[in-house]
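Here is what each chain is made of, one letter per residue.
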Amino acid sequence: MEYLDNLDHDAMNAFRELNNDTVPLHQISALKLSTEMKDLLQSTKQRKTPVKGAADRKFGNMDYLFKLSDPITRTILASAAILPSHPRIIQGEGEDGIAQFCHVSDLDISKIKDWLAKEYPDISPIFAPINKARKALSLGSAYPTLGYDTTLPHHRPDSRACEYLPTQDQFPVWYFFYGTLGNSSFLNELFGLPPEEDCALVPALIYGGKLKTWGGKYNALIDDDPESRVDGWAYEVVSQEQEHALCMYETARYEVVRVEIKLDGHSGGRFVKGCAFRFAGERGELD
């Protein structure tokens, strides 16, 4: 399958493990991919070298594309309470016509497989991993927030009237950077902007996290006590396209979380509700 050629080594291992090699790749029709599908499936080159043993396990925080085929449709999946009523659909043109894929999370895979085994035992499901940082901000709670355990009783919402910011699709939205992304020239290249359009980074800091490293040199933001401070830079992401580029760069090793960012350069500084990339791997991988 053409789109599988663009997946990195870890993604291919995950694909084979999830599907137990039940569907030979040469039996799957090649697709002429839409631009959206190419963007989703063609991960940027892995800039972070995996630590020893990383290729032997699945990422625990990765999204996938599930190939829809007759008689399975998103309506059937929704009516069976397998997926939300309006799951995201990605479409591409194949040799046999239009091929559709449903955007699912790793948590959905076992539910889909169990349901198919019961209702459609002759269908072998196809899942393609997307090596991209996940963003799944809850509308009804503060989850996920850096340094804030939303499962604790005193952190649970006491009213449905509470508004948790930023929301999933809010733009523009402030992001806190603490490593390579805190370089305006690098951001320009990542976003495909002309040199004269310099990305305006603002000195900033956050609380509730600390920096570790993994792979011997890569920064990893993790939860810590509320007084723990991390210095870095803030940037106002203006579109979903920019956010998508950031998530593809960070890969599934990281996840988007809410965080309160203090912007310097203002009178006494000011706080804004924003996002940051938190390490999503195993604590044992940290140096």
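Residues numbered from 1 in each chain as written. Predicted model: local features only at pLDDT ≥ 70, side-chain atom pairs only at ≥ 80, totals over all residues. Heavy atoms only, no water.

(A) Geometry of helix 4 (residues 106-119). Relative to the 20 Å expected for 14 residues at 1.5 Å per residue, helix 4 spans 21 Å between its end C-alpha atoms, a close match to the ideal helical length. By the burial criterion, the buried members of helix 4 are D106, D108, I109, I112, W115 and L116. One side of helix 4 carries all its buried residues, which in axial view fall inside an arc of 155°. In helix 4, the exposed positions that point more than 90 degrees away from the buried face belong to L107, D114, A117 and K118. (Helix = DSSP H or I, 4+ residues; strand = E, 2+ residues; numbered from the N terminus. Expected span 1.5 Å × (residues − 1). Buried < 20%, exposed > 50% of the residue type's maximum accessible area, 1.4 Å probe, protein only. Arc of directions from axis to C-beta.)

(B) The state of the cysteines, seen in detail. Within the structure shown, the criterion is met by 0 disulfides. Here C275 is not disulfide-linked; the sulfur of C247 is the nearest cysteine sulfur, at 9.0 Å. You can call C275 buried: its relative accessible area is 0%. (Disulfide = S-S within 2.5 Å.)

(C) Region of interest: the pattern of salt bridges. Within this structure, the stated rule accounts for 9 salt bridges. Close ionic contact of R134 with D63 constitutes a salt bridge, the shortest N to O distance being 2.9 Å. Separated by 71 residues along the polypeptide, R134 in strand 6 (residues 134-135) and D63 in strand 2 (residues 63-68) bring together distant segments of the chain. Across the pair, exposure class does not vary: R134 and D63 are buried alike. The salt bridge partner of E255 is R278, with a shortest N-O separation of 3.0 Å. With E255 in strand 12 (residues 254-263) and R278 in strand 13 (residues 270-279), the pair connects residues that are 23 residues apart, well separated along the chain. Overall, E255 belongs to the buried group, its relative accessible area being 14%. Through salt bridges with shared partners, one network takes in D63, D106 and R134. (Salt bridge = Lys/Arg side-chain N within 4 Å of Asp/Glu carboxyl O.)

(D) Looking closely at the environment of P144. In this structure, P144 sits in the loop between strand 6 and strand 7 (173-177). Residues P144 and V256, spaced 112 residues apart in sequence, show a C-alpha to C-alpha distance of 8.0 Å. If we ignore the near neighbours within four places in the chain, the residues touching P144 are A136, L137, S138, V256, V257, R258 and R278. (Contact = heavy atoms within 4.5 Å.)

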